[in-house]
Amino acid sequence: MKILLDVDTGVDDALGLIYMADAHKRGKAEIIASGTVGGNVDVEKTTRNTLKMWEMVGLDIPVAVGANKPFLTELNAVPHIHGDDGLANTHLDPPHRHPTAEHAVDQIIRLSQEHAGELTLLAFGPLTNVGLALLRDPEVANRLKRLVLMGGSLSGGNETPTAEANIYNDAEAAYVVFNSGVPLTMVGLDVTHHTYLDEKDLEPLYKSDNARSRFTLQLIQFMMAAYQKLGREPQCVLHDPLAGGVCLTPDLVRTEKIHVDVETRGKLTRGMTVSDRRPWPAHEANVDVALEVDAPRFVSGYLEAVLRWCNAG
Ligand code: BDR
Ligand code: CA
């Protein structure tokens, strides 16, 4: 499976990259490139963090810089959840490699041509780059094998009462994507909130006790503390890693094909993914929505992957 990643590397994106790198090394997927977008932090930081993560996992994956700002709104960075640096305030040394000269939007278009019918686009952040690529070249929708995205929810939001953060943070781009005809799997809060790490999962990481496991623990514990400050359980929710998991192992989730559109105007509902589950929907179903997840299976597989990396260090 050929995968192009589009990421706003933040804490759970980084945890997702460790997991995807494990799949790549074990021949379960071929990550051919990555692109960055502003989201959790600005695009300069998401780019630096993505380069750094590839360096730390020992992979030479190209990183193309993408859009910093959403189509119409301002960047809505969340340092209280991901740290000022986007990586839990670990303030790592700068990466050795540099991004490629190509823009992430051009990269999506080019790779969809070079790998027509074979390329899965896996999006961990706001859909600005993907939306721009589809506006520039609507045929991208027909050339991609599938778009798997972390985003959306049919059961309430996190950024607002109704909207999930990745969709809310570029609702116009998400509108373009959901209406593009691209084969789309939505891995949203309906399932990601069931997949998390908490203190009882961390023992093997404490035992591992090396630079990699200590870094991973910093990420996880920063996220746990951030959630607790927000009044939630102290959990590190594996939003982006689960989207990666669904890409690699679709039967981790039960999906339903539903018509979903994105609200761009509502005062209380901007960024909401609105599903039409009437027996007489007004439009054809356009999204495979993940509605249930085998959380224990995913979380144990996720931890195994992370520990393979930590214990090889
Ligand atoms: C999504 O928003 C971002 O903060 C996370 O990285 C994840 O992609 C969760 O709503
Ligand atoms: Ca993300």
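Everything numeric in this text was worked out from a predicted model, so none of it was measured.

**Thoughts on the site of ligand 1**
Around ligand 1 sit Asp12, Asp13, Asn40, His82, Phe124, Met150, Asn158, Glu164, Ala165, Asn166, His239 and Asp240, and that is every residue in its neighbourhood. Between an oxygen atom of ligand 1 and a side-chain N or O atom of asparagine 166, the distance comes to 2.9 Å. For ligand 1, whose unbound accessible area comes to 280 Å², protein coverage reaches 94%. For ligand 1, the cavity whose grid points lie within 2 Å of the majority of its atoms is the largest pocket.

**Brief notes about the pairing of strand β5 (residues 146–150)**
The element β5 is largely enclosed, with a buried count of four among its five residues. With four bridges connecting them, strand β4 (residues 119–123) and β5 associate as parallel partners. Opposite threonine 120, over in β5, you have arginine 146 as the bridge partner. The sheet contact formed by β5 and strand β6 (residues 184–187) spans four bridges and is parallel. By the bridge assignment for β6, leucine 147 is matched with leucine 184.

**Details of the packing of aromatic side chains**
One pass over the full model with this rule turns up three aromatic pairs. Between tyrosine 19 and phenylalanine 298 the ring centres are 5.6 Å apart and the planes differ by 80 degrees, which places this aromatic pair in the edge-to-face class. Of the two residues, tyrosine 19 is situated in helix α1 (residues 11–25) and phenylalanine 298 in helix α13 (residues 295–311); the sequence distance between them amounts to 279 residues. Residue class for phenylalanine 298 comes out buried when judged on its relative accessible area of 1%. Judged by centre distance (5.4 Å) and plane angle (40 degrees), the rings of tyrosine 19 and tyrosine 302 are tilted. Placement of the pair is tyrosine 19 in helix α1 and tyrosine 302 in helix α13, with a sequence separation of 283 residues. Residue tyrosine 19 shares its accessibility class with tyrosine 302, and that shared class is buried. Among the aromatic residues, those joined into a ring-pair cluster are Tyr19, Phe298 and Tyr302.

**Quick word on the sheet that holds strand β2 (residues 30–36)**
What the nine strands build is an open sheet, ordered β3-β2-β1-β4-β5-β6-β11-β9-β10; its pairing is mixed. The strands lining the two open edges of the sheet, one partner per strand, are β3 (63–65) and β10 (273–276). Between one strand axis and the next, the sheet turns by 30 degrees as a mean value, whatever way the strands run. Strand contacts of helix α2 (residues 43–57): β1 (2–7), β2 and β3, with the helix running at about 155 degrees to β2, the strand carrying the most contacts. The sheet contacts of helix α4 (residues 104–114) involve β1, β2, β3 and β4, and relative to β2 the element is tilted by about 150 degrees.

**Description of helix α11 (residues 211–229)**
The end-to-end C-alpha separation of α11 is 27 Å, in line with the 27 Å expected for 19 residues at 1.5 Å each. Within α11 the residues assigned to the buried category are Ser213, Phe215, Thr216, Leu217, Leu219, Ile220, Met223, Met224, Ala226 and Tyr227. By the N-cap criterion, in which a side-chain oxygen at the helix start approaches the backbone nitrogen of a residue two or three places on, α11 is capped by asparagine 210, the distance to arginine 212 being 3.1 Å. Phi for glycine 231, located one or two positions after α11, is positive at around 90 degrees.

Definitions and cut-offs
- Sequence order sets the numbering: in each chain, residues are counted from 1 along the sequence as written.
- Starting at A for chains and at 1 for ligands, labels are handed out in the order in which the entities are written.
- For this predicted model, a pLDDT threshold of at least 70 governs which residues receive local features, and a threshold of 80 or more governs which side-chain atom pairs are given and counted, while totals over whole chains, interfaces and linings are taken from all residues.
- Calculated side-chain values reflect all of the structure's heavy atoms, with hydrogen atoms and water omitted.
- A molecule or strand has a residue near it when one of that residue's heavy atoms lies within 4 Å.
- Between N or O atoms, a polar contact is any pair within 3.5 Å; within protein, one atom must be a potential hydrogen donor and the other a potential acceptor, and residues adjacent in sequence are included only when both atoms are from side chains.
- Throughout, the Shrake-Rupley method with a 1.4 Å probe supplies accessible areas, and for residues the shown protein chains are the sole cover considered.
- A cavity here means a set of points on a 1 Å grid, drawn over the protein atoms and nothing else, where a 1.4 Å probe fits but cannot get out; a pocket is an open set with protein on both sides within 12 Å along at least five of seven lines, and a residue lines either one if it has an atom within 4 Å of a point.
- In this scheme, a molecule is assigned to a cavity or pocket if more than half of its atoms are within 2 Å of the grid points.
- Partly exposed describes any residue whose relative accessible area lies between the buried limit of under 20% and the exposed limit of over 50%, with all areas from a 1.4 Å probe on protein chains only and scaled to the type maximum.
- Counting from the N terminus, the helices are DSSP H or I runs at least four residues long and the strands are E runs at least two residues long.
- In short, DSSP must find at least two bridges between two strands for them to pair.
- When the centres of two rings from Phe, Tyr and Trp lie within 6.5 Å, Trp using its six-membered ring, the rings pair. Their planes under 30 degrees apart give stacked, over 60 give edge-to-face, and anything left gives tilted.
- To get an axis, fit a line to the C-alpha atoms, keeping to the stretch in contact for a helix; angles then go from 0 to 180 degrees between the N-to-C directions.
- Contact criterion: two residues are considered in contact whenever any of their non-hydrogen atoms come within 4.5 Å of each other.
- By definition here, a helix of n residues has an expected span of 1.5 Å times n minus one.

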